[in-house]
Amino acid sequence: MLQQRNIGNDGAEDETLLELDEEDYNKDGYIHPLNAPSTPWEKFTIVVLSIVFISIGFVCVHTVFTTKICVHIPNGHRETRFRAVDECFDHEDINGMLRGLAQSFIITLSAHEIEYWLDSGTLLGAKRTSSLNPNDLDLDIGMSLKAFQKLNDTLLPFPQRYKLEILDSVNYPSQTRDEALPGRYIDQVSGLYLDIFVFLPSIREDDGELMMGPIASGCWHECVACPGHPKHFIIPENWVYPLMPCMFEGVKARCPNSAKAYLTHLYGEDYMTRSWDFENYIT
Ligand SMILES: *[C@@H]1O[C@H](CO)[C@@H](O)[C@H](O)[C@H]1NC(C)=O
């Protein structure tokens, strides 16, 4: 109808169209459903629904970003007597607690000139990134028998949160330590710990080389070049001494002289690049 009326009326076509439009609608009283003004009740409902949906969206996003994912810490990786019923530690918490263990132990021993070196997975982390490995659940330190005796004899001012336990010790009594792992430094909030391996001196029969190593035990099961069953981690003294400075989690620490030989013996040639299934090999 509109088109018919406007044939041959090129110039003011649009204007006319608009006018006609209005006239038409007014005449017929017809309103297209999409143009109908909403009632106050409809407006109110739309506003309320919008608020509800926006709130739900906000709560979802908030939940995603704030929900803690509790990591299951196997019992073999902590002193279970310190486990809390309702605890929940995520990876960040665990890394923070391990970092605290390492830093407080290293700083206290350095201040009292008790010799130690980073061992096993902890040494690997120091060499790779100067920090913990992803998914680490404990820490390892090596000490000579002499240094361990000095540790045993010295009452050190460790922060309250931590507890050192040494086999047959008066200063650092323990019910649970054994010959294979005579010392353990424990975070009493989580039960996570730092293990102390004591390296005993010996002489290699073939060539009289000075050797050192902790007693053979299951602790060394992942060592690739260790002989025996249980495995015996025993290495030349000059792989360890003189100790070298190295950084770990922001503190100055001590590492074996030849970390390369040490780590190759433990983990193989590709220790720097190999990706470890830590969950698997620690337990
Ligand atoms: C630690 O000290 C206690 C008590 O002085 C002693 O009986 C024990 O043999 C010591 N252990 C080590 C490894 O030195």
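Residues numbered from 1 in each chain as written. Predicted model: local features only at pLDDT ≥ 70, side-chain atom pairs only at ≥ 80, totals over all residues. Heavy atoms only, no water.

Draft legend 1. Spotlight on the pattern of salt bridges. One pass over the full model with this rule turns up 12 salt bridges. Between Asp93 and Lys68 there is a salt bridge; the shortest N-O distance is 2.9 Å. Taken as a pair, Asp93 in helix H4 (residues 91–111) and Lys68 in the loop between helix H3 (40–66) and H4 lie far apart in primary sequence, 25 residues in all. On the basis of relative accessibility, which here comes to 24%, the residue Asp93 falls in the partly exposed class. Judged by relative accessible area, Lys68 falls into the partly exposed class, the value being 41%. The residue Glu165 makes a salt bridge to Lys163 at a minimum N-O spacing of 2.6 Å. A network of salt bridges, in which partner residues are shared, links Glu79, Arg81, Lys163, Glu165, Arg177, Arg184 and Asp195. (Salt bridge = Lys/Arg side-chain N within 4 Å of Asp/Glu carboxyl O. Helix = DSSP H or I, 4+ residues; strand = E, 2+ residues; numbered from the N terminus. Buried < 20%, exposed > 50% of the residue type's maximum accessible area, 1.4 Å probe, protein only.)

Draft legend 2. Broad picture of the site of the ligand. Residues in contact with the ligand, as listed here, are Phe148, Gln149, Asn152, Asp168 and Val170. Between the ligand and the protein, one listed contact pairs an oxygen atom with a side-chain N or O atom of Asn152 at 2.4 Å. In the complex, 55% of the free accessible area of the ligand, which totals 370 Å², lies under the protein chains. Split by residue class, the shell around the ligand holds 2 nonpolar, 2 polar and 1 charged. (Near = heavy atom within 4 Å. Polar contact = N/O pair within 3.5 Å; in protein donor to acceptor, adjacent residues only side chain to side chain. Areas by Shrake-Rupley, 256 points an atom, 1.4 Å probe, with all protein chains shown as cover. Nonpolar A, V, L, I, M, F, W, Y, C, P; charged D, E, K, R; others polar.)

Draft legend 3. Summary view of the nonpolar core. One finds Leu118, Met143 and Leu151 to be the most contacted residues of the largest nonpolar core, which totals 59 residues. Here the element with the most residues in this core is H4; it accounts for 8 residues. Look past the residues within four positions of Met143 in its chain and what remains in contact with it is Leu109, Ile114, Glu115, Tyr116, Trp117, Phe148, Leu151, Ile196, Phe197, Val198 and Phe199. (Core = buried A, V, L, I, M, F, W, Y, C linked by side-chain atoms within 4.5 Å. Contact = heavy atoms within 4.5 Å.)

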